[in-house]
Amino acid sequence: QLQACGGGLVRAGGSLRLSCASSGRSFSNYVMSWFRQAPGKEREFVAAIRWSGGGTFYAGSVKGRFIISKENAKKTVYLQMNNLKPEDTAVYYCSTQSGLIASTVSDRDRYDYWGQGTLVTVSS
């Protein structure tokens, strides 16, 4: 089970930190990812991190502004979002899946486990 939180309303240029807490299984072979879905658009990849090793992946649109990190003891993944833009407005979802290679991390169809979304609204 995944529980995401931390969304809210922020002005352009501001920051927010999202959290996704997981429970249950061991996640050693898993990737934890964030996706987002803006109104009228498809769900898109934002960032991912491997539970084991901590390797990270970012969409080009957020690279340099967003930072994904994890806290193993709490089984929690964070998404620090800086210099937010109105186009970052979306519902953000966390997701997890095992056995993903680097080239498939951004493919939403590979993921079986999703948390509920948290809304991020960036005003101009």
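Residues numbered from 1 in each chain as written. Predicted model: local features only at pLDDT ≥ 70, side-chain atom pairs only at ≥ 80, totals over all residues. Heavy atoms only, no water.

Chemist: What should I look at first to understand the packing of aromatic side chains in this one?
Modeler: A ring pair, where both rings are aromatic, is described by two values, the distance of the centres and the angle of the planes. Summed over the entire model, instances satisfying the criterion amount to four aromatic pairs. Ring centres of F35 and F45 lie 5.7 Å apart, and the angle between their planes is 75°; on these two criteria the pair is classed as edge-to-face. Of this pair, F35 sits in strand β4 (residues 30–37) while F45 sits in strand β5 (residues 44–50), and the two are 10 residues apart along the sequence. Using a relative accessible area of 12% as the deciding quantity, one classes F45 as buried. Relative to W114, the ring of Y111 lies with its centre 6.0 Å away and its plane at 55°, an arrangement referred to as tilted. For W114, a relative accessible area of 29% gives the class partly exposed. Among the aromatic residues, ring-to-ring pairing joins F35, F45, Y111 and W114 into one connected group. Across from the ring centre of Y93, 3.7 Å away, lies the NZ or CZ of R43, which sits over that ring. (Phe/Tyr/Trp six-rings, centres within 6.5 Å; stacked < 30°, edge-to-face > 60°. Helix = DSSP H or I, 4+ residues; strand = E, 2+ residues; numbered from the N terminus. Buried < 20%, exposed > 50% of the residue type's maximum accessible area, 1.4 Å probe, protein only. Lys NZ or Arg CZ within 6 Å of the ring centre and 35° of its normal.)

Chemist: Where do I start with unusual backbone geometry in this structure?
Modeler: The bulk of non-glycine residues show a negative phi, and the bulk of peptide bonds are trans. The phi torsion at K75 lies on the positive side, around 50°, for a residue other than glycine. Within the element layout of this structure, K75 appears in the loop between β7 (66–71) and β8 (76–81). Under the relative-accessibility criterion, K75 is labelled partly exposed at 30%.

Chemist: It is not clear to me how the pairing of β8 should be interpreted in this structure. Could you clarify?
Modeler: For a regular strand, the rule is simple: side chains alternate between the two faces of the sheet. Burial analysis of β8 places five of its six residues in the buried class, which makes it a mostly covered element. When strand β3 (residues 16–22) meets β8, the two strands line up antiparallel, connected through six bridges. Considered in β8, the bridge of C20 is made with V77. As judged from the six bridges shared by β7 and β8, these two strands associate in the antiparallel manner. Within β8, the position partnered with I68 by the bridge is L79. Between β7 and β8, which pair antiparallel and follow one another directly, the connecting turn spans four residues, one of which, K75, has a positive phi of 50°. (Pairing = 2+ DSSP bridges.)

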